[in-house]
Amino acid sequence: MSAILVKIFATALTLSQVLVDPDMVRTSFDPARDQEQVTQLLKDGCAHMRRAFDIEDINLDDLIATAMDDPQAIAGEMKVLQGLSFNDLHASYRQFCKNEKVEPPPVDLAEVISTYNAAVAGLPDAGKLKGLKLPGVSVILDGNGKRFAEVYEPDHRRVWVPLSEIPKSVQQAFVSAEDKRFYQHKGVDERGVIRAFVGNLANPGRPAGGSTITQQVAKNLLVGDDVTYDRKMREMIVASRIERVLSKAEILEIYLNSIYLGRSSWGIEMAARSYFGKSAKALSVSEGALLAGLAKGPNYYNPDTKPDRAQERMAYVLSRMQDDGFLKADQVQQAVAALPSRVPFERIKRTSGFYFVDHVSRDARTLADIDSLSAGGYTVRTTLNPALQQATEAALQEGLARYELSIGRQRYQGAEANLAGAIKALEGVQDPAPAWKRALGAVRLPLYDVQWPAAVVIEKGKDRKTGANVLRVGLADGRVLPLNAWEAARRDLKLHDVVRVQVIEQKGKGAVRADLRTPPAVQGGAVVLENKTGRILAMAGGFSYPLSQLNRTTQAQRQPGSAFKPLTYLAALSKGLQPNTLIWDAPVTLPPVGGDANARGGASWSPKNFDGGGSGIVTLRRALENSKNLVTARLLDGGIESSPEQSLKRVCELAIEAQLYLECTPHYPFVLGAQPVRMIDLAAFYAAVANEGAMPVLHAIETVEENGRTVYSRKAGALVRLGSADPAAFFQLKSMLQGVLERGTARSLKALAPYAAGKTGTSDDENDAWFVGFTNDVTIAVWVGHDNADGKRRTLGRGQTGGKVAAPIFQSILQAAWDHHAPKTPLSPPSPQAAKQLIALPIDLNTGDRLTDGQGRGFTEYFRLNWFGRLSETQFRLVPQSEVYAFRHPDPWSDGEANGGPDYPEEGPYAQGPGWLDSLRQNVPSRRQAEPEREFRWWWEDEAPRRPRRVDPDYFWRNGQVY
């Protein structure tokens, strides 16, 4: 017995049950004991079908006789019947439909039963459809209320509408086109099966299925659309069960909301909007008929590309509606005149904001108790600035690529696509545009959110005249440019490869070129916040969302390195230290936390500076500007609290208050950024610094609506003040961070110093590079590093610091923020509240000494006033004045006043001069050159060394008194 015949009779067993007694369908038979029962079911089913043939006025015996005359004429055309013995099929017909005894039996019922049992085992529950609301599309609006994105599950771009909102004429059009006996059958229509069977015999080239609307619902939502006998059997049984649990109206509502109708539209409502720009309830008769005709094949009857087919199909639907009594002749004549006008098809194409939208979807679960936005029907207004978002992604992607190019780590891993086949197919089509341009415009690239333009290689080889290697690419705008690429990439590139490029516009009359760009191995992230509101304006969680969905701004924690140091300085400033307080930048060893080397805090701690050296005595300002590790460590020893352990605890409390951590482990390396932190949390703290201690509540969602009803609305609240430090301390820190750009580790951004402040950060072995900075309006955090998914830390390379790798990305994003969000303005002076506690005085930037009239132009520093409104002098609190003056003039024969201060350029408060120690040393003569050669003396005859003399500049009795 052929396998095809077994499947046909297993299907016949299914059909017999659902037609004869759909309430008593069995899904399992015993291959040995139940053969007689199965025989009777097949006979009953055949009798039922013969009656249906009579109703359809078809002579089944004549049809079979015709087929038997030339069985290959049918089987040869129909793939599903190839290999079938028509003699066996005819013998089976005689056995089960004519009640004749056939020997030997053509059908092995045991094999049929086994096939049937396996096919219908584990059927899905039809009751799942009761009250079903299919997933649909939710709309994401940007900060201006404009449509930015749609969120939906694959194959579920729909807007659900109740049946009552769908015009009767539209309902009737789909019933007439797809299932004229929808309201009479019980899930499976035997007459529809017969019509499909006869139609397939007459036209085997395009087979018809004969499925009812109920069967289509079962196929689309429960059993799948495999083209197999097994699926057909499951579909028929499930359809009969659906009819028992749902009303006809419920089935039709599900069908009209689930059917695919082209233009990326599922369901009647989305199709009405896509084709006609209106809601389904406003559809006319002809518009409804056009959509109903598309159900049979949206691509085959596409009115945009196949208008003749579409109009013919629409006319067929209208004629069926007339036959079914739904329309009158004059209505049909009026509707069939021409295809209804349609709105242009705007293909949904978004190239940015995927990390942001993913973050919004996650936030919606927490804030609005929404399991999934893709359930559909939601409108979410967000805080996004689309132009800034795109610029942020472009800046991060270009910055990561430039980093790899600068150290020779770039790799070419192949093209995103090759258009050779598409170009060849388009070359024969009449069109003034080159075939490569049309092919490039139509291709959908896998890295759809990469901001570099795509280009196709259209020329590769040697110039016939000069013999030089030629490599040219074509861009989507039609330009043809030479491609600049490294040798390995030039070798591997193929003709018609699609690559990403950065177009370089040369200044003056220089030629424009395209530089090759490839996806980097390094990763990064960037986030832009609005300081006063906490609105997230832009978010890039990685190089490309298709490559990695991990949002590194919110879902990853990395060591912040020196970007964490401002917390320690804030703790010191809030305890009364001033920016000009002097402190040793020299080796230090702090005792174990708890005083016990075996305690949790570990052994004694002896950190080192990044460069391994020290600068002697420096001010707090200059130490933060130049990111001195040793100074940060020394602040724990009396700079904040009396003991290192208490100081460490104080910084921990501040970090927890700033919501950087839920808990803080008190260990020394913590103050140098050893404890990982989320990028978005660190950005929020820096926004608090910009706000003088008022920390915003970060958010990406403003409101969520469902079918016009507000289900969530963010309540505007006051900023959260970090009470551990007052506005004066925060402003002093803000001013010091401004100096990081002017003179410190981010001095490559010196031009931005009047308008921005920030801090670099580099973790051990250059594994992480950071820059976090702010203006009056926004805070921007940038991180660059390698993912640690494999548990291994990978360095960025020697010298690849936050100032070198992350700061340029910050600069590009900041420029975009000025262009697209808020104009460039100088950093604000202290607020009235902070100004009451501060006084601005000129100082020597390097020594921290206050300057008086006639001592030249100095740097304007902000000093805290005490409770009595007096200046709190802390310059020598951590380093005794005698020690300071001794160190300033290491020559014991100098009295400390032999040399003047450094020479400042006339550039205002941000004037940059040499380090004060370097300035003094270069003016002090060498001791060997200055001293005359001494005669030989025994050791007991040598003069005792002089004690360094200390001069108190504020001594009131006599100017220059030595003591």
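Visitor: Sorry if this is basic, but what is going on with the overall build of the chain here?
Guide: Tallying secondary structure elements over the chain gives 31 helices and 24 strands in all. For the chain, the proportion of contacts with a sequence separation of at least 24, taken over those separated by at least 6, is 70%. Element-wise, carbon and sulfur atoms account for 48% of the exposed surface of the chain, whose accessible area totals about 45,400 Å².

Visitor: Would you mind going over the side chain of Glu 253 with me for this structure?
Guide: Inspection of the secondary structure assignment puts Glu 253 in helix 11 (residues 248-258). Although Glu 253 is buried, it makes no salt bridge; Lys 133 carries the closest opposite charge, 4.2 Å away. A distance of 2.8 Å separates a polar side-chain atom of Glu 253 from the backbone nitrogen of Leu 163. In contact with Glu 253, not counting residues within four places along its chain, are Lys 133, Trp 160, Val 161, Pro 162 and Leu 163.

Visitor: Before we go on, may I ask you to explain empty space enclosed by the protein in this structure?
Guide: It is the rolling of a water-molecule-sized probe over the atoms that shows where space remains empty. For the structure shown, the criterion picks out 3 cavities of 30 Å³ or more. Here the second largest cavity is characterised by a volume of approximately 50 Å³. Around the second largest cavity sit Ala 401, Glu 404, Leu 405, Gln 410, Trp 486, Leu 516, Arg 517, Thr 518 and Pro 520, which together line it. Elements with a minimum of two residues in the lining of the second largest cavity: helix 17 (386-406) and strand 9 (513-517). At 3 residues, helix 17 tops the list of elements feeding residues into the lining of the second largest cavity. Split into classes, the residues belonging to the lining of the second largest cavity amount to 5 nonpolar, 2 polar and 2 charged.

Visitor: Would you take a moment to explain helix 26 (residues 727-742) for this structure?
Guide: One turn of the α-helix equals 3.6 residues, which is why residues spaced by three or four share an orientation. Relative to the 22 Å expected for 16 residues at 1.5 Å per residue, helix 26 spans 23 Å between its end C-alpha atoms, a close match to the ideal helical length. Counting buried positions along helix 26 gives 16 out of 16 residues, so the element sits mostly inside the fold.

Visitor: I'm lost on the state of the cysteines in this one. Help?
Guide: Linking two cysteines covalently through their sulfur atoms gives a disulfide. With the rule as written, the count across this model stands at 1 disulfide. The partner cysteine of Cys 652 in its disulfide is Cys 664, sulfur to sulfur 2.0 Å. Measuring the twist about the S-S bond at about -50°, one finds the Cys 652-Cys 664 disulfide to be left-handed. Note that Cys 652 is positioned in helix 24 (residues 644-657) and Cys 664 in the loop between helix 24 and strand 15 (677-678), a separation of 12 residues in sequence. The exposure class assigned to Cys 664 is buried, which follows from its relative accessible area of 14%.

Visitor: Whenever I open this one, the packing of helix 9 (residues 213-223) against helix 10 (residues 229-245) confuses me. Can you help?
Guide: Axis separation between helix 9 and helix 10 bottoms out at 8 Å; the angle between their running directions is 110°. Judged on the interaxial angle alone, helix 10 and helix 9 are roughly perpendicular. Both helix 9 and helix 10 take part in a crossing whose hand is right-handed. Within the contact between the two elements, helix 9 uses Thr 214, Gln 215, Val 217, Ala 218, Lys 219, Leu 222 and Val 223 and helix 10 uses Arg 231, Lys 232, Arg 234, Glu 235, Met 236, Val 238, Ala 239, Ile 242 and Glu 243.

Visitor: Where do I start with the pairing of strand 8 (residues 497-504) in this structure?
Guide: Residues in a regular strand point their side chains to alternate faces of the sheet. Among the 8 residues that make up strand 8, 7 are buried, leaving the element largely enclosed by the rest of the structure. Pairing of strand 5 (residues 454-462) with strand 8, which is carried by 3 bridges, proceeds in the antiparallel orientation. Residue pairing for strand 8: Ala 455 is matched across the bridge by Val 499. In the sheet, strand 8 pairs with strand 9 via 5 bridges, with the strands oriented antiparallel. Residue pairing for strand 9: Val 501 is matched across the bridge by Leu 516.

Visitor: What exactly am I supposed to notice about the packing of aromatic side chains here?
Guide: In this description, an aromatic ring pair is defined by two values, namely the gap between the centres and the angle between the planes. This structure, assessed with the given rule, holds 19 aromatic pairs. Centroid distance Tyr 755 to Trp 818: 5.9 Å. Interplanar angle 80°. Geometry classified as edge-to-face. Here Tyr 755 is found in the loop between helix 26 and strand 20 (757-762), whereas its partner Trp 818 is found in helix 27 (residues 802-820), with 63 residues between them in sequence. Aromatic rings pair up to connect Phe 354, Tyr 355, Tyr 448 and Tyr 545 into one cluster. The positively charged end of Lys 824 is found above the aromatic ring belonging to Tyr 755, 4.9 Å away from the centroid.

Visitor: Got a minute to help me understand the pattern of salt bridges in this structure?
Guide: Close approach of charged atoms allows side chains of opposite charge to pair. Per the stated rule, a full pass over the model turns up 39 salt bridges. Note that Glu 235 and Lys 232 form a salt bridge whose closest N and O atoms lie 3.3 Å from each other. Residue Glu 235 and its partner Lys 232 are located together in helix 10, separated by 3 residues, close to a single helical turn. On the basis of relative accessible area, Glu 235 is assigned to the buried category, the value being 0%. In this structure, Glu 861 and Arg 621 form a salt bridge, with 2.7 Å as the shortest nitrogen-oxygen distance. Highlighted residues: Glu 861 in strand 24 (residues 859-864) and Arg 621 in helix 22 (residues 620-625), separated in sequence by 240 residues.

Visitor: Please explain the confidence of the model for the chain as it appears in this structure.
Guide: Caution applies to low-pLDDT parts of the model: their predicted coordinates are not meant to be read in detail. On average, the chain scores 86 in pLDDT, and the residues at 70 or more come to 85%. Counting interchain partners and residues more than four positions distant, the pLDDT-below-50 stretch residues 72-76 has 8 contacts.

Visitor: Hey, could you run me through the packing of helix 7 (residues 168-178) against helix 13 (residues 285-294) in this one?
Guide: How two helices pack is summed up by the angle between their axes together with the distance between the axes. One can describe the packing of helix 7 onto helix 13 by two numbers: an axis separation of 8 Å at closest approach and a directional angle of 35°. Of the two elements, helix 7 crosses helix 13, and the hand of that crossing is right-handed. Together, Ser 169, Val 170, Ala 173, Phe 174, Ala 177 and Glu 178 of helix 7 and Val 285, Gly 288, Ala 289, Leu 291 and Ala 292 of helix 13 make up the contact between the two elements. Residues of the contact of helix 7 with helix 13, tallied by class, amount to 8 nonpolar, 2 polar and 1 charged.

Visitor: Looking at this structure, I do not really get the sheet that holds strand 20. What am I missing?
Guide: Note: strands within a sheet are paired through backbone hydrogen bonds, in either parallel or antiparallel orientation. As summarised here, the arrangement of the 5 strands in space is 11-10-22-21-20, forming an open sheet in which the pairing is antiparallel. Single-partner strands in this sheet number two, and they are strand 11 (536-540) and strand 20. When the angles between neighbouring strand axes are averaged without regard to direction, this sheet yields 5°. Examined bridge by bridge, strand 10 (residues 523-530) and strand 11 share 4 bridges and lie antiparallel to one another. When the bridges of strand 11 are listed, Val 527 appears paired with Met 539.

Visitor: I tried to follow the nonpolar core on my own but got confused; where do I start?
Guide: Generally speaking, nonpolar side chains in soluble globular proteins are found buried as a group. Phe 670 and Phe 685 are the most contacted members of the largest nonpolar core, which totals 125 residues. If we skip the residues at most four places from it in the chain, Phe 670 touches Phe 564, Leu 648, Val 651, Cys 652, Ala 655, Tyr 661, Cys 664, Thr 665 and Gln 675. Membership of the second largest hydrophobic core comes to 79 residues, among which are Leu 123, Val 223, Val 238 and Leu 294.

Visitor: How do you make sense of the side chain of Thr 874 when you look at a structure like this?
Guide: Relative to the helices and strands, Thr 874 is located in the loop between strand 24 and helix 29 (881-888). For Thr 874, a relative accessible area of 1% corresponds to the buried category. A distance of 2.6 Å separates polar atoms of two side chains, one belonging to Thr 874 and the other to Thr 581. Not counting the four nearest positions on each side in its chain, Thr 874 is found in contact with Gly 576, Leu 577, Gln 578 and Thr 581.

Visitor: Even after reading the chapter, I still don't get the environment of Glu 398, so can you show me in this structure?
Guide: Note that Glu 398 resides in helix 17. In sequence terms Glu 398 and Pro 520 are 122 residues apart; their C-alpha atoms lie 9.8 Å from each other. Those residues in contact with Glu 398 that lie beyond four places of it in its chain are Trp 452, Gln 502 and Arg 517.

Visitor: Is there a simple way to explain unusual backbone geometry in this structure?
Guide: Notably, Asp 765 is not glycine yet its phi reads approximately 60°, a positive angle. Mapped onto the elements, Asp 765 comes out in the loop between strand 20 and strand 21 (768-774). Residue Asp 765 is classed as exposed on the basis of its relative accessible area, which comes to 55%. The phi dihedral of Glu 766 falls on the positive side, at around 55°, and the residue is not glycine. Inspection of the secondary structure puts Glu 766 in the loop between strand 20 and strand 21.

Visitor: Is there a simple way to think about the environment of Val 784 in this case?
Guide: Relative to the assigned elements, Val 784 resides in strand 22 (residues 778-785). When the C-alpha atoms of Val 784 and Leu 796 are compared, they prove to be 8.6 Å apart, with 12 residues separating the residues in sequence. Not counting residues within four places of it along the chain, the set of residues in contact with Val 784 comprises Leu 400, Val 522, Gln 523, Gly 524, Asn 767, Asp 768, Ala 769, Leu 796, Val 805 and Ile 809.

Visitor: What's the story with the sheet that holds strand 17 (residues 701-706) in this structure? I'm lost.
Guide: Read across the open sheet, the 5 strands follow the order 2-1-3-17-18; overall the sheet is mixed. At either end of the open sheet lies a strand with only one pairing partner, and these are strand 2 (147-151) and strand 18 (709-713). Taking the axes of each pair of neighbouring strands and ignoring which way they run, one obtains an average angle of 20° across the sheet.

The rules behind these values
- Residues numbered from 1 in each chain as written.
- Predicted model: local features only at pLDDT ≥ 70, side-chain atom pairs only at ≥ 80, totals over all residues.
- Heavy atoms only, no water.
- Helix = DSSP H or I, 4+ residues; strand = E, 2+ residues; numbered from the N terminus.
- Contact = heavy atoms within 4.5 Å.
- Areas by Shrake-Rupley, 256 points an atom, 1.4 Å probe, with all protein chains shown as cover.
- Buried < 20%, exposed > 50% of the residue type's maximum accessible area, 1.4 Å probe, protein only.
- Lys, Arg positive; Asp, Glu negative; His and termini not counted.
- Salt bridge = Lys/Arg side-chain N within 4 Å of Asp/Glu carboxyl O.
- Polar contact = N/O pair within 3.5 Å; in protein donor to acceptor, adjacent residues only side chain to side chain.
- 1 Å grid on protein atoms, 1.4 Å probe; cavity = no way out; pocket = protein on both sides within 12 Å on 5 of 7 lines; lining within 4 Å.
- Points joined across faces, edges and corners; volume = space filled by probe spheres on them.
- Nonpolar A, V, L, I, M, F, W, Y, C, P; charged D, E, K, R; others polar.
- Expected span 1.5 Å × (residues − 1).
- Disulfide = S-S within 2.5 Å.
- Axes fitted to C-alpha atoms, helices over the stretch in contact; angles between N-to-C directions.
- Parallel < 35°, antiparallel > 145°, perpendicular 65-115°, else oblique.
- Left-handed = near helix turned anticlockwise from the far one by under 90°.
- Pairing = 2+ DSSP bridges.
- Phe/Tyr/Trp six-rings, centres within 6.5 Å; stacked < 30°, edge-to-face > 60°.
- Lys NZ or Arg CZ within 6 Å of the ring centre and 35° of its normal.
- pLDDT = per-residue confidence, 0-100.
- Core = buried A, V, L, I, M, F, W, Y, C linked by side-chain atoms within 4.5 Å.

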